[in-house]
Amino acid sequence: MAAAGGGGSCFVLGASGETGRVLLRELLARRAFARVTLIGRRRLSLGEAEAAVEQAVVDFERLGEHAAAFQGHDVGFCCLGTTRAKAGADGFVRVDRDYVAQAAELARAGGCKHFILQSSRGANAQSRFLYLRVKGEVENLVQAVGFDHCTILRPAVLLCRRQESRPMEWIAQQFLGAVARLFPTAYSVPVETVARAMVACALQPGEGKVKVLENRAIHELGKAVPQQGT
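Notes on the structure in this doc start here. This one's a predicted model, so the numbers in the text were calculated from it and none came from an experiment. (Residues numbered from 1 in each chain as written. Predicted model: local features only at pLDDT ≥ 70, side-chain atom pairs only at ≥ 80, totals over all residues. Heavy atoms only, no water.)

Thoughts on the packing of aromatic side chains
Moving on, step 1. Taken as a whole, this structure holds six aromatic pairs when the rule is applied.
Moving on, step 2. A centroid spacing of 6.2 Å and a plane angle of 85° characterise the contact between Phe33 and Phe77, whose relative ring orientation is edge-to-face. With Phe33 in the loop between α1 (18–30) and β2 (35–40) and Phe77 in strand β4 (residues 75–78), the pair connects residues that are 44 residues apart, well separated along the chain. For the residue pair Phe33 and Phe77, the accessibility class agrees, reading buried in each case.
Moving on, step 3. For the ring pair Phe92 and Tyr131, a centre distance of 5.6 Å and an interplane angle of 20° mean the geometry is stacked. Taken together, the residues Phe92 in helix α2 (residues 84–109) and Tyr131 in helix α3 (residues 130–145) connect sequence positions 39 residues apart.
Moving on, step 4. With relative accessibility at 2%, the residue Phe92 sits in the buried group.
Moving on, step 5. Here the aromatic cluster, defined as three or more aromatic residues joined through ring pairs, consists of Phe11, Phe70, Phe115 and Phe147. (Phe/Tyr/Trp six-rings, centres within 6.5 Å; stacked < 30°, edge-to-face > 60°. Helix = DSSP H or I, 4+ residues; strand = E, 2+ residues; numbered from the N terminus. Buried < 20%, exposed > 50% of the residue type's maximum accessible area, 1.4 Å probe, protein only.)

Have a look at this one:
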């Protein structure tokens, strides 16, 4: 694994979410980029890390008015998403598909060469299930933007400690956490592994314009990256 270059610029969409928070920690700990910008609907309180990042507050309903926030970045990380339970069906589609697709277009227009999208296992634009269909649709839309490199990660159930309460997901995580000890790459993946895999993709984009990483590949790539402090 190549060492972090410490140059260039990146932005992160969805830094307040579970993957986004861990991704930010990884980016800063590895000094992967000289400039890190968080793009979101509100400023985040980051403690000591606040001085190490820039924050651009945007109105996602009027994202076209915030094109400047997407200017001058080499890599874009997207962990943006919500749930149907939290936002309703229409809100879920708007956030997980429409906001992401428009952000990708603005990023490409602003010079971004590599867009890294956190999607979901089973994403399929033809699925009869809303969640998987929307994830498949946004994958297609992002690929169509025309980045030099587009990496899509399709993790299974994320193992993490959520800040917001999702009781049914918590129950699933407890079960899958036990299953993961027997079948570590089959049904779940630690959020830290996903974040490390995203950073690895940015540092070594590889060949080809589009790369799709399924859950097993995410495990393998994430574990190939040395953990900080080891």
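Topic: the packing of α2 against α3
Helix-helix packing is described using two parameters, namely the angle between the two axes and the distance between the axes.
Moving on, step 1. Between α2 and α3, whose axes approach to 9 Å, the crossing angle comes to 10°. With respect to their mutual orientation, α2 and α3 come out roughly parallel. Of the residues in α3, those touching α2 at Arg84, Ala89, Phe92, Val93, Asp96, Arg97, Val100, Ala101, Ala104, Glu105 and Arg108 are Leu130, Tyr131, Val134, Lys135, Glu137, Val138, Leu141, Val142 and Val145.
Moving on, step 2. Residue composition of the contact of α2 with α3, by class: 13 nonpolar, no polar and seven charged. (Axes fitted to C-alpha atoms, helices over the stretch in contact; angles between N-to-C directions. Parallel < 35°, antiparallel > 145°, perpendicular 65-115°, else oblique. Contact = heavy atoms within 4.5 Å. Nonpolar A, V, L, I, M, F, W, Y, C, P; charged D, E, K, R; others polar.)

Topic: the nonpolar core
Grouped burial of nonpolar side chains is what soluble globular proteins tend to show.
Moving on, step 1. Residues Leu23, Leu27, Phe33 and Phe77 are the most contacted members of the largest nonpolar core, which totals 31 residues.
Moving on, step 2. Those elements that provide at least two residues to this core are β1 (9–13), α1, β2, β4 and α5 (191–203).
Moving on, step 3. Looking at which element gives the most residues to this core, the answer is α5, with eight residues. (Core = buried A, V, L, I, M, F, W, Y, C linked by side-chain atoms within 4.5 Å.)

What about α5?
Along an α-helix, a turn takes 3.6 residues, which lines up residues three or four apart on a common side.
Moving on, step 1. If you check α5, its first and last C-alpha atoms are 19 Å apart, about what 13 residues at 1.5 Å a residue would give, namely 18 Å.
Moving on, step 2. Within α5, eleven of the 13 residues are buried, leaving the element largely enclosed by the surrounding structure. (Expected span 1.5 Å × (residues − 1).)

Observations concerning the pattern of salt bridges
Moving on, step 1. Taken as a whole and judged by the stated rule, the model has eleven salt bridges.
Moving on, step 2. A salt bridge links Arg30 to Glu26; the shortest N-O distance between them is 2.6 Å. Here Arg30 and its partner Glu26 are both found in helix α1, four residues apart, which amounts to about one turn of the helix.
Moving on, step 3. Shared partners join several salt bridges into a network, and the residues in it are Arg97, Asp98 and Glu137. (Salt bridge = Lys/Arg side-chain N within 4 Å of Asp/Glu carboxyl O.)

A few points about α3
Moving on, step 1. With 16 residues, α3 extends 23 Å between its outermost C-alpha atoms, agreeing within 8% with the 22 Å of an ideal straight helix rising 1.5 Å per residue.
Moving on, step 2. Within the span of α3, buried status applies to Leu130, Val134, Lys135, Gly136, Val138, Glu139 and Val142.
Moving on, step 3. Summarising the contacts, the buried residues of α3 are in contact with α2, β5 (114–118) and β6 (149–153).
Moving on, step 4. At the exit of α3 stands Gly146, carrying a positive phi of roughly 95°.

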